Amino acid sequence: MERLKGRKAIVTGSAQGLGEAILQRLAKEGADAVGWDINIEKMTETAKRIAEQTGRKIFAEKVDITDAEMVRNAVDKAVELLGGLDLMVCNAGILISGDSISFDISAWRKVIDIDLVGYFICAREAIRVMLPNKYGTVIQINSKSGKKGSFKNSAYAAAKFGGIGVTQSLALEFAEHGIRVNAICPGNLLDSPLWTESLFKQYAKNQGITEEEVRKKYIDQVPMKRPCRYEDVCNVVVFLASDESNYMTGQAINVTGGQEMR
Ligand SMILES: NC(=O)c1ccc[n+]([C@@H]2O[C@H](COP(=O)([O-])OP(=O)(O)OC[C@H]3O[C@@H](n4cnc5c(N)ncnc54)[C@H](O)[C@@H]3O)[C@@H](O)[C@H]2O)c1
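Remember, it's a predicted structure, so these values are computed and weren't measured experimentally.

What about the nonpolar core?
Logical step 1: Formed by 47 residues in total, the largest nonpolar core has its most connected members in Ile10, Trp36, Met88, Val138, Val181 and Trp195.
Logical step 2: Looking at this core, the elements with two or more residues in it are strand E2 (32-37), helix H3 (68-82), strand E4 (87-90), helix H4 (105-130), helix H5 (154-174), strand E6 (179-186), helix H6 (193-207) and helix H7 (211-220).
Logical step 3: With 13 residues, H4 is the single largest residue contributor to this core.
Logical step 4: Residues Ile22, Ile50, Ile184 and Ala241 belong to the second largest nonpolar core, which totals 31 residues.

In C-alpha cells form, the structure reads like this:
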C-alpha cells in the first residue's frame with residue numbers, strides 16, 4: 001500500500017544507516033525524494049539503488065546541514081527537482097561520547113552544531129517553502145537521549161534535549177499555518193553502522209568492558225529485550241508523515257521497546 005503516494009520529501013544524512021532506511025521506506029510508500037549527505041559518493045549510490053528498486057524519483061545532493069546558505073539553496077533546488085516539498089526528515093546526526101572532564105570542547109561544540117543547530121537550519125528552510133501552501137510536515141530523528149541523560153554522552157544528550165525544544169517551539173509557531181513538527185526518539189539501533197563501526201568501540205573503551213558486554217548491557221536495559229530496528233522507526237515516520245497524524249504536532253514519540261516512557 002502506498003501511504004505517501006505523490007509526496008515530495010527531503011531526508012538528511014541518508015547515504016547510510018537509519019536515513020537510508022527512511023529514504024527507502026518513503027520511496028516504497030510512493031514518495032519522491034532528495035537525499036542529502038556530506039558523503040556524496042555514498043549518497044549517489046544509495047539514491048540510484050533506491051530509485052531502481054522502487055521506480056520513484058530519488059535524487060542525491062551534497063549538503064552540509066550546518067551551512068545555512070547551502071541548506072537554503074538545496075531546499076530551493078529540491079523544490080525545483082520534485083515540484084514542491086511537503087516532508088522534511090531531519091535525520092543527519094553524529095555522536096561523540098566521552099568523559100566530561102577530558103571532553104575536547106571543539107568536539108562537544110561540533111555535536112551541538114550538527115545535531116541541534118543543523119536541525120534548526122534544515123527545519124526552518126523547509127518550513128519557509130511549505131508556508132505558501134499552508135501544508136507540510138517536519139520530522140526530527142531525535143533519540144531516547146533527548147528525554148533522559150546519557151552516560152558519558154553529555155554533548156549528544158544536550159543536543160537531543162535541545163532538539164525537542166526546537167520541535168515544540170516550531171510546532172507552536174507554525175501550527176496555525178498548516179505545518180506540523182514532530183520528533184521520533186528511537187532506542188538503540190544496535191545493528192546500525194553507528195554502533196558496529198563506532199559506538200561499540202567507544203563504549204567498550206569508556207566503560208572498561210568488551211564490545212560483547214556492551215551489546216548485552218544495552219539489550220538488558222530494554223523491557224522488550226531486543227534492539228530497535230530500522231523498521232520500528234520507519235513505521236512511525238510514515239505515520240507522522242501521513243494525514244493519519246493530522247491532529248499531532250510538537251510531539252516527541254518514543255520508539256524504545258518500553259525503555260523510555262516519558
Ligand atoms: N544508531 C542509533 O542507535 C540511533 C539511536 C537513536 C537515534 N539515532 C539518530 O538517528 C540519526 C541517524 O543515525 P545513524 O545511526 O543512521 O547514523 P550514521 O552515522 O550511520 O548516519 C548519519 C549520516 O549523516 C551524515 N552526516 C553527518 N554529518 C552531516 C552533516 N553535517 N551534513 C549532512 N550529513 C551529515 C553522515 O555522513 C551519515 O551518512 C541520528 O540523528 C542519530 O542521532 C540513532
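Re the site of the ligand
Logical step 1: Near the ligand you find 26 residues, and of these Gln16, Asp37, Asn91, Tyr156 and Trp195 are the closest.
Logical step 2: Within the side chain of aspartate 37, one N or O atom sits 2.6 Å away from an oxygen atom of the ligand.
Logical step 3: Between an oxygen atom of the ligand and a side-chain N or O atom of lysine 160, the distance comes to 3.1 Å.
Logical step 4: At the level of secondary structure, the elements contributing two or more residues to the shell around the ligand comprise helix H1 (17-28), H5 and H6.

As for the environment of alanine 74
Logical step 1: Within the secondary structure, alanine 74 is located in helix H3.
Logical step 2: Accessibility expressed as a relative area gives 8% for alanine 74, which makes it buried.
Logical step 3: Sequence separation between alanine 74 and asparagine 188 is 114 residues; the distance between their C-alpha atoms is 30 Å.
Logical step 4: Filtering out sequence-adjacent residues up to four positions away, alanine 74 remains in contact with Trp36 and Val63.

What to know about the side chain of aspartate 32
Logical step 1: One can find aspartate 32 in strand E2.
Logical step 2: Of the polar contacts made by the side chain of aspartate 32, one reaches the backbone nitrogen of lysine 57; its length is 3.0 Å.

Considerations on the packing of H4 against H5
Logical step 1: The geometry of H4 relative to H5 is characterised by a closest axis approach of 8 Å and an angle of 15° between their N-to-C directions. In terms of orientation, H4 and H5 fall into the roughly parallel class. When you trace H4 past H5, the crossing you get is right-handed. Contacts from Trp108, Val111, Ile112, Asp115, Leu116, Tyr119, Phe120, Ala123 and Ile127 of H4 reach H5 at Ser154, Ala155, Tyr156, Ala158, Ala159, Lys160, Gly162, Gly163, Val166, Thr167, Leu170 and Phe174.
Logical step 2: Across the contact of H4 with H5, the residue classes break down as 15 nonpolar, four polar and two charged.

Points about the pairing of E2
Logical step 1: With six of its six residues buried, E2 lies for the most part within the structure.
Logical step 2: Judged by which residues are buried, E2 turns out to be covered on both faces: Asp32, Val34 and Trp36 on one side and Ala33, Gly35 and Asp37 on the other are all buried.
Logical step 3: Bridging between strand E1 (residues 8-12) and E2 involves five bridges; their strand directions are parallel. If you follow threonine 12 over to E2, its bridge partner there is tryptophan 36.

What about the sheet that holds E6?
Within a sheet, adjacent strands bond to each other through the backbone by hydrogen bonds, running parallel or antiparallel.
Logical step 1: Overall, parallel pairing links the seven strands, which are arranged E3-E2-E1-E4-E5-E6-E7 in an open sheet. Two strands bound the open sheet, and with one partner strand each, they are strand E3 (58-62) and strand E7 (252-255). Strand-to-strand twist of the sheet, defined as the mean angle between neighbouring strand axes without regard to direction, takes the value 20°.
Logical step 2: Judged from the three bridges that link them, E1 and E4 form a sheet pairing that is parallel. Bridge pairing links isoleucine 10 to methionine 88 in E4.
Logical step 3: Where H1 meets the sheet, its contacts fall on E1, E2, E3, E4 and strand E5 (136-141), and the angle it forms with E1 comes to roughly 170°.
Logical step 4: Taken strand by strand, H5 contacts E5, E6 and E7, and its axis lies near 160° from that of E6.

Regarding the pattern of salt bridges
Logical step 1: Under the definition given, this model contains 16 salt bridges.
Logical step 2: With a closest N to O distance of 3.2 Å, lysine 5 and glutamate 2 form a salt bridge.
Logical step 3: Take lysine 5: its relative accessible area is 56%, and that puts it in the exposed class.
Logical step 4: Between arginine 49 and glutamate 20 there is a salt bridge whose closest N-O contact spans 2.2 Å. Of this pair, arginine 49 sits in helix H2 (residues 40-54) while glutamate 20 sits in helix H1, and the two are 29 residues apart along the sequence.
Logical step 5: According to the relative accessible area criterion, arginine 49 is partly exposed, its value standing at 33%.
Logical step 6: Beyond isolated ion pairs, a larger network of salt bridges with shared partners links Arg72, Asp76, Arg124, Glu125 and Arg128.

The rules behind the values
- Residues numbered from 1 in each chain as written.
- Predicted model: local features only at pLDDT ≥ 70, side-chain atom pairs only at ≥ 80, totals over all residues.
- Heavy atoms only, no water.
- Core = buried A, V, L, I, M, F, W, Y, C linked by side-chain atoms within 4.5 Å.
- Buried < 20%, exposed > 50% of the residue type's maximum accessible area, 1.4 Å probe, protein only.
- Helix = DSSP H or I, 4+ residues; strand = E, 2+ residues; numbered from the N terminus.
- Near = heavy atom within 4 Å.
- Polar contact = N/O pair within 3.5 Å; in protein donor to acceptor, adjacent residues only side chain to side chain.
- Contact = heavy atoms within 4.5 Å.
- Axes fitted to C-alpha atoms, helices over the stretch in contact; angles between N-to-C directions.
- Parallel < 35°, antiparallel > 145°, perpendicular 65-115°, else oblique.
- Left-handed = near helix turned anticlockwise from the far one by under 90°.
- Nonpolar A, V, L, I, M, F, W, Y, C, P; charged D, E, K, R; others polar.
- Pairing = 2+ DSSP bridges.
- Salt bridge = Lys/Arg side-chain N within 4 Å of Asp/Glu carboxyl O.

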